[in-house]
Amino acid sequence: MPMLVLPCHLPPLNTTEMARIQTSAATVADDVIKEFIRWRGDAIGVRIARAPGRVNLIGGHTDYNEGYVLPMTLGCSVVVAARARQRGCHRVRSEFFAEDINIPVGEMPGRNMPRWASYVAGMLREIHAMHGRAAGLDMLIVSDVPIGAGLSSSAALEMAIGIVAADLARIHIPPKAMARIGQQVEHTYAHVHCGIMDQMASRIGMRGHALFLDCRTLETRAVPLARDRATIVIVDSGVRRALAASKYNERRDECARSLAYFQRLDGSISALRDVTPERFQQHRHGMPARLQRRTQHIIEENTRVCESVKALEVGDLAAFGACMWRSHVSLQELYEVSCHELDVLVEAAREIPGTLGARMTGGGFGGCTVNVVQPSAAPQFCDRILAAYYEACHRPATAMVVNENIEAGIVPWT
Ligand code: GLA
């Protein structure tokens, strides 16, 4: 059944790609079908899937250390309309990039393909390799997830493609397995050694809840968000840094080196998640100072995620906010993945009455902050934070109030 969902509400503050926020599943389906018909002449046999972007409330860089994270889905999403075609070639159109490409079924993405196309080719190729039943597809992609902002536009793209491709091939891919395929695509085709959080959040995240995820076992728990008392506001600094991917991989390497050190002390440790605060204190001085900082962040951040979940479950928003502030300082000083613009945004948030907590979110070196604000203070928060940012950084930011978050799945249409 079509579900009527009101996703992100964009305050009339600043217009960027975020302005193209859709309002309901029915509208999404209507628009994308019209577009498909304009492209291919009819929409017979078309299936539509969508998968949302995500924001991570807390748990920065813990996922690839088999730790805990607390993301939630957003109201913006990637929508994919597709149907099987006779030829052994996928014909793919991205509305956002105004580009068409052809990908031979089961082939690696060509070297000169645009980046978005390698996610498409990668997903289709992996599904084809695992299940051997993928036909050539006509595929139209529409997205209102901001790109490069750390809101998982690529994970949403992967999940939407996976859902529609599996549906058309009549194969069942369990959500966690689908998330793993998406992660594999990032590693193999985009060369970003990301954790599992983004794909899990986009594929499994539930409406009205955040997703408490144990990145070792992939166990999840839906954590209710007290929306009557807390509004989530995402602020995009507009900063996109080319070095972000290489710095991300560098942090992963540093964690691997720290892990190797602790494994020499105790063979039962299989991820930094297993290093207790006591063991860390006892042995930290055997490691270079930089690795000590990285490890300390991971250990303490895992604790903060668990404290945050407890706080949210008993409705203690002040305690949750306190964890967020601490998380930011740790990402800034110990993990060193923040940047001037993100620090300006978090400091400005601290000064605005009604702000319960704020931190950078995503991989870092640019992108967004996530803020928890008292609902009545949200409009003023947006005005003030944008003004403060412009004054300090001489560039505009964008604020997005998350009024509703959506779930991934097939979107019915008639
Ligand atoms: C990126 C990665 C995630 C995660 C975050 C940091 O979003 O894709 O796997 O590591 O950074 O928390």
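Note that the coordinates shown come from a computational prediction; the quantities given were computed from them, not determined experimentally.

This part covers the overall build of the protein chain. When you go through the protein chain residue by residue, the secondary structure sums to 11 helices and 12 strands. Expressed along its principal axes, the backbone C-alpha trace of the protein chain runs to roughly 65 × 50 × 40 Å. Within the protein chain, the fraction of its 414 residues that count as buried is 58%. Restricting to contacts in the protein chain with at least 6 residues of sequence separation, those with at least 24 account for 72%. Carbon and sulfur atoms make up 51% of the accessible area of the protein chain, which amounts to about 16500 Å² in all. Of note, the protein chain has its 45 positive side-chain charges centred 4 Å away from the centre of its 43 negative side-chain charges.

Below, the discussion takes up the site of the ligand. In the vicinity of the ligand, 13 residues are found, and the nearest of them are His61, Asp63, Gly195, Asp198 and Tyr248. Measuring from an oxygen atom of the ligand, one finds a side-chain N or O atom of Asp63 at 2.5 Å. Between the ligand and Gly363, the relevant distance is 3.4 Å, taken from an oxygen atom to a main-chain nitrogen or oxygen of the residue. Summarising the interface, the protein chains cover 91% of the accessible area of the ligand, which totals 310 Å² for the free molecule. Within the shell around the ligand, the residues separate by chemical class into four nonpolar, six polar and three charged.

Look at Ser152: it is not a glycine, yet its phi comes out positive at around 65°. Inspection of the secondary structure assignment puts Ser152 in the loop between strand E5 (136-143) and helix H3 (153-169). With a relative accessible area of 8%, Ser152 lands in the buried category. You will see that Arg170, though not glycine, has its phi angle at about 55°, which is positive. Structurally, Arg170 is set in the loop between H3 and helix H4 (175-190).

The biggest cluster of nonpolar side chains holds 69 residues, and the ones touching the most others in it are Leu57, Leu70, Val120, Met139, Ile141, Leu151 and Phe320. The greatest single-element share of this core, amounting to 10 residues, is contributed by H3. In contact with Leu70, not counting residues within four places along its chain, are Asn56, Leu57, Ile58, Ala210, Leu211, Phe212, Val223, Val305, Ser308, Val309, Leu312 and Phe320.

Quick look at the confidence of the model for the protein chain now. For residues with low pLDDT, the predicted coordinates do not support detailed interpretation. With 94% of its residues at a pLDDT of 70 or more, the protein chain has an overall mean of 91. Confidence over residues 1-23 falls short of pLDDT 50; this stretch has 67 contacts with residues more than four positions distant or in other chains.

It is worth spelling out the packing of helix H8 (residues 289-313) against helix H9 (residues 317-333) at this point. The contact between H8 and H9 brings their axes to 9 Å, and the two run at 165°. The angle between the axes of H8 and H9 places the two elements in the roughly antiparallel class. Crossing of H8 over H9 shows left-handed handedness. Within the contact between the two elements, H8 uses Arg293, His297, Glu301, Arg304, Glu307, Ser308, Ala311 and Leu312 and H9 uses Leu317, Ala319, Phe320, Cys323, Arg326, Ser327, Ser330, Leu331 and Glu333. Residue classes in the contact of H8 with H9 are distributed as seven nonpolar, four polar and six charged.

On to helix H11 (residues 378-393), then. Its 16 residues place the ends of H11 22 Å apart at the C-alpha level, agreeing with the 22 Å of an ideal helix rising 1.5 Å per residue. Three or more residues of H11 are buried, namely Ala378, Phe381, Cys382, Ile385, Leu386, Tyr389 and Cys393. For H11, the angular spread of the buried residues around the axis is 120°, confining them to a single face. Facing away from the buried side of H11 by over 90 degrees, the exposed positions are Pro379 and Glu391. Taken from the residues just after H11, His394 is the one with a positive phi, measuring 55°.

For the rest of this paragraph, the subject is the packing of aromatic side chains. The full count for this structure, using the stated rule, is five aromatic pairs. Their ring planes at 45° and their centres at 6.5 Å tell us that Phe262 and Phe280 sit as a pair that is tilted. Highlighted residues: Phe262 in helix H6 (residues 244-265) and Phe280 in helix H7 (residues 277-283), separated in sequence by 18 residues. Judged by relative accessible area, which is 3%, Phe280 ranks as buried. Chaining the aromatic ring pairs together yields one cluster made of Tyr261, Phe262 and Phe280. Here the guanidinium or amino end of Arg40 rests over the ring plane of Trp39, the centre of that ring lying 5.3 Å away.

Turning our attention to helix H1 (residues 25-40). Helix length check: H1, at 16 residues, gives a terminal C-alpha distance of 22 Å against a target of 22 Å (1.5 Å per residue), a fit within 8%. Within the sequence span of H1, burial applies to Ala25, Val28, Ala29, Val32, Ile33, Glu35, Phe36 and Trp39. Around the axis of H1, the buried residues are gathered within 165° of arc, so they sit on the same side. Those residues of H1 hidden inside the fold are in contact with strand E1 (47-58), strand E2 (68-85), strand E3 (89-94), strand E4 (99-104) and E5. In the segment just after H1, Gly41 is the residue with positive phi, at about 95°.

Reading guide: rules and limits
- Residues numbered from 1 in each chain as written.
- Predicted model: local features only at pLDDT ≥ 70, side-chain atom pairs only at ≥ 80, totals over all residues.
- Heavy atoms only, no water.
- Helix = DSSP H or I, 4+ residues; strand = E, 2+ residues; numbered from the N terminus.
- Buried < 20%, exposed > 50% of the residue type's maximum accessible area, 1.4 Å probe, protein only.
- Contact = heavy atoms within 4.5 Å.
- Areas by Shrake-Rupley, 256 points an atom, 1.4 Å probe, with all protein chains shown as cover.
- Lys, Arg positive; Asp, Glu negative; His and termini not counted.
- Charge placed at Lys NZ, Arg CZ, Asp CG, Glu CD.
- Near = heavy atom within 4 Å.
- Polar contact = N/O pair within 3.5 Å; in protein donor to acceptor, adjacent residues only side chain to side chain.
- Nonpolar A, V, L, I, M, F, W, Y, C, P; charged D, E, K, R; others polar.
- Core = buried A, V, L, I, M, F, W, Y, C linked by side-chain atoms within 4.5 Å.
- pLDDT = per-residue confidence, 0-100.
- Axes fitted to C-alpha atoms, helices over the stretch in contact; angles between N-to-C directions.
- Parallel < 35°, antiparallel > 145°, perpendicular 65-115°, else oblique.
- Left-handed = near helix turned anticlockwise from the far one by under 90°.
- Expected span 1.5 Å × (residues − 1).
- Arc of directions from axis to C-beta.
- Phe/Tyr/Trp six-rings, centres within 6.5 Å; stacked < 30°, edge-to-face > 60°.
- Lys NZ or Arg CZ within 6 Å of the ring centre and 35° of its normal.

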